[in-house]
Amino acid sequence: MGLWEFAKTAARVSAKASQITSRGVEQRIRSTIANGGAHAARKGLIGPWDPPPPPNVSGYLNFAGVARPEDIDCREWWFPLGRYVVPKYPWQATDPIGLSASEINRHTLVVGPTRAGKTAGLIAPWIVEGVLAGYNVVTLDLKGGGDLQRDVAAYRDSLPTRPPIRLRRWDYRNPSARNSWNFIRELDSDGAINAAAEAICGRPRDNDPNRNFHLRDLKWAKGLLELAYDTGEDLTVKDILSLLADQQSLESVIRAYPQSRGAQRIADLCTLDFPEYSKTTQFLTTYFEVLNNDGFVSATSQPRLSLNDVASGQASITIINAPVSDGELAEIASGLFMSLLLNRRLSAFGQTSAPLLVVLDESPRLQDRIDLGRTLSLAAGANVSLLLAAQEIEQFHEDKRNEILANCGTLVVMAGCNFSTTDVVMKRLGSRVETQLSSTSTYDKNGRSTGYTSNINTVPVLGHNELSNPPTGIRGATVVNNRLSRRPVLVDFTRPDLTKPD
């Protein structure tokens, strides 16, 4: 063998040896990574600092896609979002975090099952912090019996200074002359009349087989409400029903106010013979009859409480008592108050107004009374921030669901959410790139040897199990807000000073 051939042979041997050594080093590195990943997986939780576990390990939750401390921009916040959970062992809640006023003006949706901690952990703190920041806050008490008021008081009492808070209740169960609200005297615009009619009769739906009849009843409801306003008297639902029950009395009122557009809207009712009149107004009567409750009539008999004071007066909390147990009465009454309030503020779109925070717990109950999607899209420009709460995302009508989600800058997903909710959130979060290991087995004179190869795969940022089972338990949650962090943020809403569950 010549010198040149010898040199080439030596070079090939050296290169092969180098490749073998390099492969050995790579295998040792991958084995080390796999062992580290297996160690983390055995603890049940994988975080963003942990290496990927080997393929034969299962039964863990993968939070590799959540935010680290350096991923979070949480400066000058006012509205609390619980305490941040650092996603590594021991997975403990640390410092409080929250959102600024500008962020809540992009609106918030919190989703979680009953007793997940929505009220004590988020709703009550935001109500108190809102009024302390100069907001007028309007909220619903859906449990009745003053439960929400006690949660609000408990949070206020947990603050170092226990600040005084101006609070009022509008309660048709226990009407107060001081807080009597004659909604008919608030119907001073086409928008207000439309809002009131839709709150009472329900909003028209495209897929309603009786849509034309519903639109007809809506027209008549608008006419009756507008005519009642034009009389200049403090009329109630009972008075409207009395007019509907007596066709001749209705004709007399129409003749007394011939210039009223309301009179013109219902003039065709007077052309019907009595049997046809009674049959035709049956459903219209039914809509108003729900509100023909002694408590509601008393609570709406005098114009003492004004929506202008509620929406733009001195910073205060207004609680609308509307217990779920009252069924349709509570739904219509709360929808009526909220729809007229929001219309009042939206009619001042673009004008400088005091900030208003509207808190709608169990908000899907009002979607047939208020156009939530449109309201969310316009409210920010009227300096109105909305906090919506729901048990499941699928409670919202399918044709409006995406619009509602698109107009909420913050989404809070509480522990225990069902599959349909986590499926929507997964799609919103999208996917991330993750290195995954796969094992290979080789055999040599020493027996079987296991090695690992790495692959780059696309996986969901968070899966169903991770969203439903945050690492801090039943008061844990995942916060999605692209200005707070480009990654989802793990938080814990547990408060030692607020032990009462939702």
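Residues numbered from 1 in each chain as written. Predicted model: local features only at pLDDT ≥ 70, side-chain atom pairs only at ≥ 80, totals over all residues. Heavy atoms only, no water.

1. A look at the layout of surface pockets
Operational definition: Of the two site types, the cavity is a set of points on a 1 Å grid over the protein atoms alone where a 1.4 Å probe fits but cannot get out, and the pocket is an open set with protein on both sides within 12 Å along at least five of seven lines, each lined by residues with an atom within 4 Å of a point. Grid points are joined across faces, edges and corners, and a volume is the space filled by probe spheres set on the points. The helix count covers DSSP runs of H or I at least four residues long, the strand count covers runs of E at least two residues long, and both are numbered beginning at the N terminus. For this classification, Asp, Glu, Lys and Arg are treated as charged, while Ala, Val, Leu, Ile, Met, Phe, Trp, Tyr, Cys and Pro are nonpolar and the rest, including Gly, are polar.
Taken as a whole, the largest pocket spans an internal volume of roughly 580 Å³. Put simply, the parts of the chain that give the lining of the largest pocket at least two residues each are helix 17 (419-429) and strand 12 (431-444). Top contributing element to the lining of the largest pocket by residue count: strand 12, with six residues. By residue class, the composition of the lining of the largest pocket is 15 nonpolar, eight polar and eight charged.

2. Details of the sheet that holds strand 9 (residues 356-360)
Let me state the cut-off plainly: By the convention used here, strands pair only if DSSP detects at least 2 bridges between them. Axis definition: a line fitted to C-alpha atoms, over the contacting stretch in the case of helices. Angles run 0 to 180 degrees between N-to-C directions. Any two residues whose heavy atoms approach within 4.5 Å are treated as being in contact.
Across the sheet, which stays open at both edges, the eleven strands sit in the order 4-3-15-14-11-5-10-9-6-8-7 with mixed pairing between neighbours. Of all strands in the sheet, those bounded by a partner on one side alone are strand 4 (93-99) and strand 7 (167-171). Strand-to-strand twist across the sheet, computed as the mean angle between neighbouring axes with direction ignored, equals 25°. Here strand 9 pairs with strand 10 (residues 384-390) via five bridges, running parallel. Paired with Val358 across the bridge in strand 10 is Leu386. Helix-sheet contacts for helix 17 involve strand 5 (108-111), strand 11 (410-414) and strand 14 (476-480), and the interaxial angle to strand 11 is about 140°.

3. Description of the confidence of the model for the protein
The following threshold applies: Values of pLDDT, ranging from 0 to 100, describe the predictor's confidence in every residue of the model.
Mean pLDDT for the protein: 87, with 86% of residues reaching 70 or above. Per-element confidence in the protein ranges from a low mean pLDDT of 51 for helix 1 (residues 3-42) to a high of 98 for strand 5. Confidence over residues 17-23 falls short of pLDDT 50; this stretch has zero contacts with residues more than four positions distant or in other chains. Note on residues 498-502: pLDDT under 50 across the span, and 15 contacts to partners over four residues away in sequence or across chains.

4. Comments concerning the pattern of salt bridges
Heads up, the condition is: The salt bridge definition used is simple: a Lys or Arg side-chain nitrogen within 4 Å of an Asp or Glu carboxyl oxygen. Exposure categories follow from relative accessible area, calculated using a 1.4 Å probe and restricted to protein chains: below 20% of the type maximum is buried, above 50% is exposed, and the middle band is partly exposed.
Within this structure, the stated rule accounts for 27 salt bridges. For Arg169, the salt bridge identified is with Asp141, shortest N-O distance 3.8 Å. Placement of Arg169 in strand 7 and of Asp141 in strand 6 (residues 136-141) is noted, with a sequence separation of 28 residues between them. Where Glu226 meets Arg265, a salt bridge forms, and the shortest distance between an N and an O atom there is 2.9 Å. Residue Glu226 is located in helix 6 (residues 211-230), and its partner Arg265 is located in helix 9 (residues 261-265); the two are separated by 39 residues in the primary sequence. In this structure Glu226 comes out as buried when scored by relative accessible area, which is 10%. In this structure, a network of salt bridges that share partners links the residues Glu198, Arg203, Asp371, Lys400 and Glu403.

5. Details of the packing of helix 3 (residues 118-132) against helix 4 (residues 147-158)
Formally: For this classification, under 35 degrees means roughly parallel, over 145 means roughly antiparallel, 65 to 115 means roughly perpendicular, and everything else is oblique.
In the contact formed by helix 3 and helix 4, the axes pass within 9 Å of each other and the chain directions differ by 75°. With respect to helix 4, the axis of helix 3 lies roughly perpendicular. Of the residues in helix 4, those in contact with Thr119, Ile123, Ala124, Pro125, Ile127, Val128 and Glu129 of helix 3 are Leu148, Asp151, Val152, Tyr155 and Arg156. Of the residues contributing to the contact of helix 3 with helix 4, the split by class is eight nonpolar, one polar and three charged.

6. A short note on the packing of aromatic side chains
Note the following rule: A pair of aromatic rings is counted whenever rings of Phe, Tyr or Trp (Trp by its six-membered ring) have centres within 6.5 Å, and the orientation is called stacked for planes under 30 degrees apart, edge-to-face for over 60 and tilted otherwise.
Under the defined criterion, the tally for this structure stands at nine aromatic pairs. Relative to Phe296, the ring of Trp170 lies with its centre 6.1 Å away and its plane at 80°, an arrangement referred to as edge-to-face. Placement of Trp170 in strand 7 and of Phe296 in helix 12 (residues 294-299) is noted, with a sequence separation of 126 residues between them. For the pair formed by Trp170 and Phe296, the shared burial category is buried. Taken together, the ring pairs connect Trp170, Trp181, Phe183, Phe296 and Phe337 into an aromatic cluster.

7. A look at empty space enclosed by the protein
Tallied over the entire structure, the rule returns one cavity of 30 Å³ or more. Quantified by volume, the largest cavity comes out at close to 60 Å³. Around the largest cavity, the lining residues are Arg203, Gln367, Ile370, Asp371, Leu372, Gly373, His397, Lys400 and Ile404. Here the lining of the largest cavity is built from residues that sort into three nonpolar, three polar and three charged.

8. A word on the pairing of strand 9
Rules: By definition, the crossover connecting two strands over a helix is right-handed if that path, from the first strand to the second, turns clockwise as seen with the strands pointing away from the viewer.
Most of strand 9 sits inside the fold, with five of its five residues counted as buried. Burial along strand 9 is two-sided: the residues Leu356, Val358 and Leu360 and Leu357 and Val359 are all buried. Relative to strand 9, strand 6 is paired through four bridges, and the arrangement is parallel. Its bridge partner being in strand 9, Thr139 is matched across the sheet by Val359. The parallel pair strand 9 and strand 10, bridged by helix 15 (residues 372-379), forms a crossover whose chirality is right-handed.

9. Things to note about unusual backbone geometry
A cis amide bond links Tyr89 to the next residue, Pro90, at an omega of 10°. Here Pro90 shows up in the loop between strand 3 (79-85) and strand 4. Phi at Trp91 takes a positive value of approximately 55°, unusual for a residue other than glycine. Mapping Trp91 onto the fold places it in the loop between strand 3 and strand 4. Owing to a relative accessible area of 10%, Trp91 belongs among the buried residues under this scheme. The backbone phi angle of Glu362 is positive, close to 50°, even though this residue is not glycine. Looking at the element boundaries, Glu362 is found in the loop between strand 9 and helix 15. By relative accessible area, which is 17% here, Glu362 ends up buried.

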